[in-house]
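Secondary and tertiary structure notes
Single-letter residue listing:
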Amino acid sequence: MNSYRHAMTADKPLIRPLRPSFSSGPCVKRPGWTLAALGDAFIGRSHRAPQGLARLKAVIDLSRAVLGVPDDYRIAIVPGSDTGAVEMALWSLLGERDVDCLAWETFGHSWVIDVDSVLKLAGARIFAAPFGCLPDLSAVSWTHDVVFTWNGTTGGVRVPDGDWIADDRSGLSICDATSAAFAMELPWPKLDVTTWSWQKVLGGEAAHGMIVLSPRAVERLERHAPAWPLPKLFRMTNKAGLIEDLFAGSTINTPSMLCVEDQIDALRWAVSIGGLPGLIARSMASFDVLARWIDRSHWAAFLAEDPATRSNTSVCLKIVDPWFTAQPQATQWARVRRMCALLEQEEAAFDVAAYRDAPPGFRIWCGATVDAADVVALTPWLDWAYETVKQESSE
């Protein structure tokens, strides 16, 4: 018997994705995951007990091993998911020199607000681009600190590589890598601060973030005192210098040990499939399915205009059929919501609408925990939903 569920209606696709969860966060769990994966969780005890610290340290050590983070880079588990990790970096490190902030999707613009409107950094320069495009990376000055996302989760646009980051920079490169880590190669010598959350590529649980500091970033932390008050949740130093215990698993606030156990399980799965190369291969297999479907589609296209900048995780699609593009944006969104409702009703796809700030369209998560076979099964349902809504509108 086919492992996929079958629809009853003849004019619908016959095969549904076995796991129709395509949310861009929290993302689908690894294949084969069950609650039994949490059976060894260190619960009902202090996370500062030796056993609890050992579990937290395991997350740090496994993350270093899978991602190939250099031995002299510090890694910590921090509160507030990727948002907390990025803001910890911005509030702790900025202010010593001018800053360039790059934004081409929603979360990049959030960091612009921190830099320009909240911290009110004099001399801040903003380099912005519309959804689907990158700003001019060559325009930044590496005498400045530079804040950017590696992969724009809500826009489906990523930087193509790290070649644009100067090796002889005097400023820091501060990189939000939340939907890139574990699915894309990150050039560690080019990155001084790197952040991500557990809920993305490895399908972990929300509310926990990671921050990686290069030796240059550590030196800045120990030398530079921000001009503004620093909340306790952001403090990585004290009077004695860097709080080394933070980078050995002693978290600032109380973590969920269930989530910690889940992340250990995800990291062990990553090791079992070949580490980072295996994770990237799984993500690219799903992306390639969508790319082949796009080549045949008369109504859908990538939001990212340049193939070199297309995300292989948060794959964002726009609708290019003149019937659709001629309609007002409010109507376009209504059509997209109707398509998504049909897909959810059929249990063919959940959570695939574009992010609310993005152009009307779809966002299909293709991180490493997604099975390419499910993306294969998804594409006929996308066509069915589109044609159904188009037909409804003409009746």
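Please read these numbers as outputs of a predicted model, since none were measured by experiment. (Residues numbered from 1 in each chain as written. Predicted model: local features only at pLDDT ≥ 70, side-chain atom pairs only at ≥ 80, totals over all residues. Heavy atoms only, no water.)

In terms of helices and strands, the protein chain carries 9 helices and 14 strands. In terms of overall size, the protein chain behaves like a compact globule, its C-alpha atoms giving a radius of gyration of 22 Å where 395 residues would be expected to give roughly 21 Å. If one aligns the C-alpha atoms of the protein chain with their principal axes, the spans along those axes are about 70 × 50 × 30 Å. A separation of at least 24 residues holds for 70% of the contacts in the protein chain among residues at least 6 apart in sequence. Total accessible area on the protein chain is roughly 15900 Å²; 55% of this is exposed by carbon and sulfur atoms. Taking the average location of the 37 positive side-chain charges in the protein chain and that of its 46 negative ones, the two points are 4 Å from each other. (Helix = DSSP H or I, 4+ residues; strand = E, 2+ residues; numbered from the N terminus. Rg over C-alpha atoms; globule rule 2.2 N^0.38 Å. Contact = heavy atoms within 4.5 Å. Areas by Shrake-Rupley, 256 points an atom, 1.4 Å probe, with all protein chains shown as cover. Lys, Arg positive; Asp, Glu negative; His and termini not counted. Charge placed at Lys NZ, Arg CZ, Asp CG, Glu CD.)

The buried fraction of strand E1 (residues 74–79) is high, at 5 of 6 residues. Pairing of E1 with strand E9 (residues 208–213) involves 6 bridges; the strand directions are antiparallel. Its bridge partner lying in E9, Pro79 is registered against His208. (Buried < 20%, exposed > 50% of the residue type's maximum accessible area, 1.4 Å probe, protein only. Pairing = 2+ DSSP bridges.)

Across the sheet, which stays open at both edges, the 3 strands sit in the order E12-E13-E14 with antiparallel pairing between neighbours. Two strands in the sheet have a free side with no partner beyond their single neighbour: strand E12 (300–302) and strand E14 (361–365). Neighbouring strand axes in the sheet, compared pairwise and without regard to direction, differ in orientation by 35° on average. Summarising the sheet, strand E13 (residues 314–319) and E14 pair through 5 bridges and their orientation is antiparallel. The partner of Leu317 across the bridge, within E14, is Phe362. (Axes fitted to C-alpha atoms, helices over the stretch in contact; angles between N-to-C directions.)

When you tally the buried positions in strand E4 (residues 145–149), you get 5 out of 5 residues, the bulk of the element. Where burial is concerned, the two faces of E4 agree: the one with Asp145, Val147 and Thr149 and the one with Val146 and Phe148 are both buried. Bridge count for strand E2 (residues 99–103) against E4 is 3 bridges, and the pairing is parallel. Following the sheet pairing, Cys101 is matched in E4 by Val147. Across 4 bridges, E4 lies against strand E7 (residues 173–176) in parallel orientation. Looking at E7, one finds that Val147 is bridged to Ile174.

Okay, the pattern of salt bridges next. The tally for this structure, following the rule as stated, stands at 20 salt bridges. Linking Lys29 and Glu205 is a salt bridge whose minimum nitrogen-to-oxygen distance equals 2.8 Å. One end of the pair, Lys29, is in the segment before helix H1 (50–67); the other, Glu205, is in the loop between strand E8 (193–197) and E9, and 176 residues separate them in sequence. For Lys29, a relative accessible area of 14% gives the class buried. Two residues, Asp167 and Lys190, come together in a salt bridge whose shortest N-O distance is 2.9 Å. Of the two residues, Asp167 sits in the loop between strand E6 (157–158) and E7 while Lys190 sits in the loop between E7 and E8, which places them 23 residues apart along the sequence. (Salt bridge = Lys/Arg side-chain N within 4 Å of Asp/Glu carboxyl O.)

It is at 8 Å that the axes of helix H6 (residues 275–296) and helix H9 (residues 372–394) come closest, and there the two elements cross at 25°. What the angle tells us is that H6 and H9 run roughly parallel. Both H6 and H9 take part in a crossing whose hand is right-handed. Together, Ala285, Ser286, Val289, Leu290 and Trp293 of H6 and Ala372, Val375, Val376, Thr379, Leu382 and Asp383 of H9 make up the contact between the two elements. Residues that form the contact of H6 with H9 fall into these classes: 8 nonpolar, 2 polar and 1 charged. (Parallel < 35°, antiparallel > 145°, perpendicular 65-115°, else oblique. Left-handed = near helix turned anticlockwise from the far one by under 90°. Nonpolar A, V, L, I, M, F, W, Y, C, P; charged D, E, K, R; others polar.)

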